[in-house]
Amino acid sequence: MLGDVQPIVVANRAPLALEPADHYRNTPERLVKGAGGLVTALSSLAATTHALWVAVARDDSDRALASRGDPAELETDDGTVYRVSFVQPPLEAYDLYYNVVSNPLLWFIQHYLWDLAREPVVDTATFRAWREGYVRVNQMVADRVVAEARASTLPPLVFVQDYQLYCVPGMVRAALPEVRIQHFVHIPWPTPQYWTVLPKPIRDGLLKGLLGCDLVGFQTSRDVRNFLMTCEENLGLTVDLGARTVRFEGRTIWVRNYPISVDVDSLLAQADTEEVLAEEERLLSWRPEKLILRVDRTDLSKNIVRGFLAYERMLEDHHELHGDVQFWAYLQPSRQDIDDYRAYLGSVLSVAARINRKFSRGGWTPIRVEVDDVMARALAGYRQFDVLLVNPIYDGMNLVAKEGVLCNRRDGVLVLSENAGSHEELGDFALSVNPFDIDETAEALYLGLAMDAPQKAARAERIRETVRAADINRWIALQVQDLRDLIGGTG
Ligand code: G6P
């Protein structure tokens, strides 16, 4: 598919991370797949096309990996080999880029997380973080991409990823006017009005950066519309909503949606490994008759607290379920250098503890919270749930919804937020909820647990079919095809 070009994937995160030895679990130091939906989706592209992956070194273990070569040839514990070139910004610049601008500022805007009466407070520190953090790190990344593109014997095809790197396409375009650049935004694109929370130099700067692309990709058709309207309203550009294009500096930029997905075959194979089956055995030793599962990073957008409140409501209404049901929240710690994230994890744990105090009896605990990040354990949970709760406030796609149902062995029911990107594809076969509505979510959890076997099987099968038909290979193929068709060749 990409034999005649050199793909260069550009993302904040590398596709892998160094996991330290764990004496308790008896595992040695090893290289494992990195966290989050972006890495999950792109690692197969990188591995199968021998792409070069340009990433930002996030911590000491990334810096240790960077010292293994440039690019470093790195092999994960499942035998996949990646070529990774790490950019190593000064620590302070990285902190401003990641902990001040990307998360929370941009992430919060794009998931509508600000409580606008109070936050954000934009001041001199914000502008300094923008200039000395975000723009500086983006420039370092762009410089590395330009160097790699110039060194390549094949025509480069640059795939920039996500909100941490909005300025990269414009910077690469300035140095290499002819290069083909695509940027995929993994998270929601909000309305033009909501972007005006950011001061004009910042919001215009990141939009113009993105417009350095030939093609900008989003998860859903709603994101595409919002992006085009943002170009029109906030920058005064000419857009064509029908053709889904925008004109900028004499070029036409195509804007399309490609719902991201999973690598079906490799995920199913992974869900059948010894390690997962051993985790499943452990799970079977404690699982109750009915298991509700959620698997999420501890991110505010995931709406974990309201999920517990809905479960509490269900337990209040259905005493007959006491003792027979358990809600297992398997949570991956995320962005703990940011105050709001630490506080959020604190409230997740305290709400779960309160509900457990209220209902526990005779050895039954209604909620089991585990804060950990073991892929095999998440996969064992996927195999075993009766109801999977995916209720984000807003979410770009949410791959847990796809992965979970695909791996499940019990025709479990998906309870899905109408504001998850995956709702556009899976909503008809899930139980849809408004993520803010506790009663509706409680009712959906109950209906999921009570649903009869034929209906459960029919819904689960439709979701599995949908995911199989549009897996990650299709996601990649459609983008590459569009780049070739719309722009007329890759050379
Ligand atoms: C989401 C974002 C990714 C990010 C991931 C994990 O999936 O879209 O860009 O990499 O979360 O977050 P982290 O900040 O730990 O990289």
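Residues numbered from 1 in each chain as written. Predicted model: local features only at pLDDT ≥ 70, side-chain atom pairs only at ≥ 80, totals over all residues. Heavy atoms only, no water.

**A closer look at the site of the ligand**
Part 1 of the argument: Near the ligand you find 13 residues, and of these R13, Y98, D162, Q164 and R335 are the closest.
Part 2 of the argument: Here an oxygen atom of the ligand sits 2.6 Å away from a polar atom, N or O, in the side chain of D162.
Part 3 of the argument: Within the side chain of R297, an N or O atom sits 3.3 Å from an oxygen atom of the ligand.
Part 4 of the argument: Looking at the shell around the ligand, the elements with two or more residues in it are helix 1 (37-49) and helix 3 (91-110).
Part 5 of the argument: Here the residues of the shell around the ligand are counted per class, giving five nonpolar, three polar and five charged. (Near = heavy atom within 4 Å. Polar contact = N/O pair within 3.5 Å; in protein donor to acceptor, adjacent residues only side chain to side chain. Helix = DSSP H or I, 4+ residues; strand = E, 2+ residues; numbered from the N terminus. Nonpolar A, V, L, I, M, F, W, Y, C, P; charged D, E, K, R; others polar.)

**Re the packing of helix 13 (residues 375-384) against helix 14 (residues 399-407)**
Part 1 of the argument: At a minimum axis separation of 7 Å, helix 13 and helix 14 run at an interaxial angle of 65°. For the pair helix 13 and helix 14, the crossing hand works out as right-handed. Between helix 13 and helix 14, the contacting residues are L379, Y382 and R383 on the first element and V400, E403, G404 and C407 on the second.
Part 2 of the argument: Of the residues in the contact of helix 13 with helix 14, the class split is four nonpolar, one polar and two charged. (Axes fitted to C-alpha atoms, helices over the stretch in contact; angles between N-to-C directions. Left-handed = near helix turned anticlockwise from the far one by under 90°. Contact = heavy atoms within 4.5 Å.)

**Concerning the packing of aromatic side chains**
Part 1 of the argument: Within this structure, the stated rule accounts for 19 aromatic pairs.
Part 2 of the argument: Through a chain of ring-to-ring contacts, the aromatic side chains of Y94, Y97, Y98, W130 and Y134 assemble into a single cluster.
Part 3 of the argument: The aromatic ring of W107 is capped on one face by R335, whose charged end is 4.2 Å from the ring centroid.
Part 4 of the argument: Above the ring of W286, the side-chain terminus of R368 is found at 3.8 Å from the ring centroid. (Phe/Tyr/Trp six-rings, centres within 6.5 Å; stacked < 30°, edge-to-face > 60°. Lys NZ or Arg CZ within 6 Å of the ring centre and 35° of its normal.)

**Description of the domain arrangement of the protein**
Part 1 of the argument: One can read the domain layout of the protein as domain 1 (6-261 + 473-487) and domain 2 (264-468).
Part 2 of the argument: On a C-alpha basis, the centroid separation for the pair domain 1 and domain 2 is 29 Å.
Part 3 of the argument: Each partner contributes to the interface: domain 1 provides 28 residues, whereas domain 2 provides 27 residues.
Part 4 of the argument: Summed over both sides, the interface of domain 1 with domain 2 buries roughly 2100 Å², with 58% coming from carbon and sulfur.
Part 5 of the argument: On the surface where domain 1 and domain 2 come into contact, there are one salt bridge. (Domains from an automatic or database assignment. Buried area = accessible area lost by both parts, 1.4 Å probe. Salt bridge = Lys/Arg side-chain N within 4 Å of Asp/Glu carboxyl O.)

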